[in-house]
Amino acid sequence: MTDTQVTGTQATAPTNPNSGTAPAPLRRPLDGVLVVALEQAVAAPFASRQLADLGARVIKVERPGGGDFARAYDAHVDGTSSAFLWLGRGKESIVLDLKDDEGRRRLEQLLERADVFIQNLSPSAARRAGLDPDAVQERHPHVIACGISGYGEDGPLATAKAYDLLVQGESGLIDLTGDGEMRAKVGTSIADIAAGSYAYSSILAALHHRLRFGEALPVRISMLEALAEWVSYPYHYAAHSGAAPLRRGTSHATIAPYGAFTTGDGGRILFAVQNDREWRRFCDTVLGDPSRADDPLFADQPRRVRNADALESLIEERFSALTLDEARGLLEQADIAVARLNGIAALGEHEQLRARDRWVRTPHPGGEAPTLRPPWGIPGDPTAPGDGYGTVPGLGEHTEAVLAWLDAGAPDADHS
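I will try to describe carefully the structure that is included in this document. Quantities reported herein were computed from a predicted structural model and do not represent experimental measurements.

**Structural notes on the layout of surface pockets**
By volume, the largest pocket amounts to about 1400 Å³. Together, 48 residues line the largest pocket, and Gln-40, Arg-63, Phe-69, Asn-120 and Leu-121 are the ones closest to its centre. Listed by contribution, the elements that provide at least two residues to the lining of the largest pocket are strand S4 (57–62), helix H2 (82–88), helix H4 (123–128), strand S7 (144–149) and helix H8 (190–213). If you tally residues by element for the lining of the largest pocket, the top one is H4, at four residues. A breakdown of the residues in the lining of the largest pocket according to their chemical character gives 25 nonpolar, eleven polar and twelve charged. Computed from the structure, the second largest pocket encloses a volume of approximately 530 Å³. What lines the second largest pocket is a set of 18 residues, among which Leu-347, Trp-359, Pro-370, Thr-371 and Leu-372 lie closest to the centre.

**Comments concerning helix H13 (residues 308–319)**
In this model, H13 (twelve residues) spans 16 Å end to end at C-alpha, consistent with the 16 Å of a helix rising 1.5 Å per residue. Those residues of H13 that fall on the buried side of the exposure criterion are Ala-308, Leu-311, Glu-312, Leu-314, Ile-315 and Phe-319. Buried positions in H13, seen along its axis, are confined to an arc of 155° and lie on one side of it. Those residues of H13 that are exposed and angled more than 90 degrees off the buried face are Asp-309 and Glu-317. Summarising the contacts, the buried residues of H13 are in contact with strand S11 (258–262), strand S12 (268–272), helix H11 (276–287), helix H12 (301–306) and helix H14 (324–333).

**Side note on the environment of Glu-153**
Looking at the element boundaries, Glu-153 is found in the loop between S7 and helix H6 (164–171). Placed 26 residues apart in sequence, Glu-153 and Arg-127 show a C-alpha to C-alpha distance of 9.6 Å. In this structure, Glu-153 is in contact with Pro-123, Arg-127, Pro-133, Ala-158 and Arg-220, ignoring residues within four places of it in sequence. At a separation of 3.0 Å, a polar atom in the side chain of Glu-153 contacts the side chain of Arg-220.

**Points about helix H1 (residues 43–53)**
Of all eleven residues in H1, eleven are buried; the element is thus mostly enclosed. Those residues of H1 that sit buried are Ala-43, Ala-44, Pro-45, Phe-46, Ala-47, Ser-48, Arg-49, Gln-50, Leu-51, Ala-52 and Asp-53. Downstream of H1 by one or two residues, Gly-55 has phi in the positive range, about 110°.

**Here's the deal with empty space enclosed by the protein**
One pass over the structure, following the stated rule, counts one cavity of 30 Å³ or more. Considered as a void within the structure, the largest cavity measures approximately 60 Å³ in volume. Taken together, Gln-119, Leu-121, Ser-122, Pro-123, Ala-126, Asp-132, Pro-133, Gly-147, Ile-148, Ser-149 and Glu-153 make up the full set of residues lining the largest cavity. At the level of elements, H4 and S7 are the ones that each hand at least two residues to the lining of the largest cavity. Take the lining of the largest cavity: its biggest share by element is three residues, from S7.

Conventions and cut-offs
For every chain, the first residue of the written sequence is number 1, and numbering continues from 1 onward in sequence order. Note on the predicted model: pLDDT of at least 70 is required for a residue's local features to be given, and 80 or more for side-chain atom pairs to be given and counted; whole-chain, interface and lining totals, by contrast, use all residues. Values reported for side chains reflect all heavy atoms of the structure, with hydrogen atoms and water molecules removed beforehand. Think of a 1 Å grid over the protein atoms and nothing else: a 1.4 Å probe that fits but is trapped marks a cavity, an open set flanked by protein within 12 Å on at least five of seven lines marks a pocket, and residues with an atom within 4 Å of a point count as lining. Grid points are joined across faces, edges and corners, and a volume is the space filled by probe spheres set on the points. Each helix is a run of H or I in the DSSP string that is no shorter than four residues. Each strand is a run of E no shorter than two, and both are numbered from the N terminus. Basically, the charged four are Asp, Glu, Lys and Arg, the nonpolar ten are Ala, Val, Leu, Ile, Met, Phe, Trp, Tyr, Cys and Pro, and anything else, Gly included, counts as polar. Multiplying 1.5 Å by the helix residue count minus one yields the expected span of that helix. Here's how the labels work: a residue is buried when its accessible area is under 20% of the maximum for its type, exposed when over 50%, partly exposed in between, all with a 1.4 Å probe on protein chains only. The arc in question is traced by the directions running from the helix axis to the C-beta atoms. Whether two residues touch is decided by their heavy atoms; if any such pair falls within 4.5 Å, the residues are in contact. Any pair of nitrogen or oxygen atoms within 3.5 Å is treated as a polar contact; in protein, a donor-acceptor pairing is required on top of that, and neighbouring residues in sequence qualify only through side-chain atoms on both sides.

In structure tokens, the structure reads:
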């Protein structure tokens, strides 16, 4: 497109940089896009939160009597759930009883005006309610209807309950995580996040497709299939070598040295040696023994991995004579990737995030708390802390305003 710049469903003339006129106010890529989200927990709310960050209007439809159950996961943020603070920003909350005819009528009014509909009901519940992608698009052909499920809409596990832990287990991820004989789940909702990420990127692709070809494609994402993609590397390793990668805590199953090491002053430091060139620099500068680079036990990556225990003992002996700062200085001198092993609570004070102004103050039902800007900072984004990315809504906070908007006969969106 050379004649116009398109944001969401609306086009505006570009500004000529040589015209001498002031540029138009910045618009976000999804300005003008309406998303209706019948969502709960993590996967669908994660997808719609990203769309809201890009400027979409997201109307979150919640059930009476509590709404999205992620609201009640905890109350640590001045009465607001930490999960809901993360996932609720920038949305409008309305309460509709979809078991009631009036509630369903209101939802259909919203869908008539929507560009995108997201739900993460179970496939059977979505079909019973007529809210699966096929049924929604039959009634509203312009809507990009997205369904997120645990295992997909068919197959032997289609009706199985799917929580993040369970999908981590089914995908084999837990078999990769832990140390030695001890298995562990990943410490964040990685299956939900994987599904939400693919829903988000697929919806963006579907919006682009509709803009180009005038056709609304359905989006179907399963948590298992999303996470299976993310564990494909170790799957291929296991399938073609005949053995699963070993569980090695912070170390790596196929790269060595790699992981956390303790220094003489009790510090913990992370580093990774990715190739033989780095290995030679590590031996020369960090170990202080260039001859180790050609040691038959460690001369290439496969041998370093096979002899990882001996290699780690060698490094621990060397590091026991160094402070944390000394070890880090040597690693940096050797141009080896190095980092601290921080506690999660320290993230809010991380100097890199602070220096790059990555935090904004976000109002929520119990007060105000810092949340992160989206990873993609739109060039020239003037958003100041506390402004621009919206608030975390209270349950049903926008019901009256949204219903009044519908009753006012709001014009249908331009779904071109």
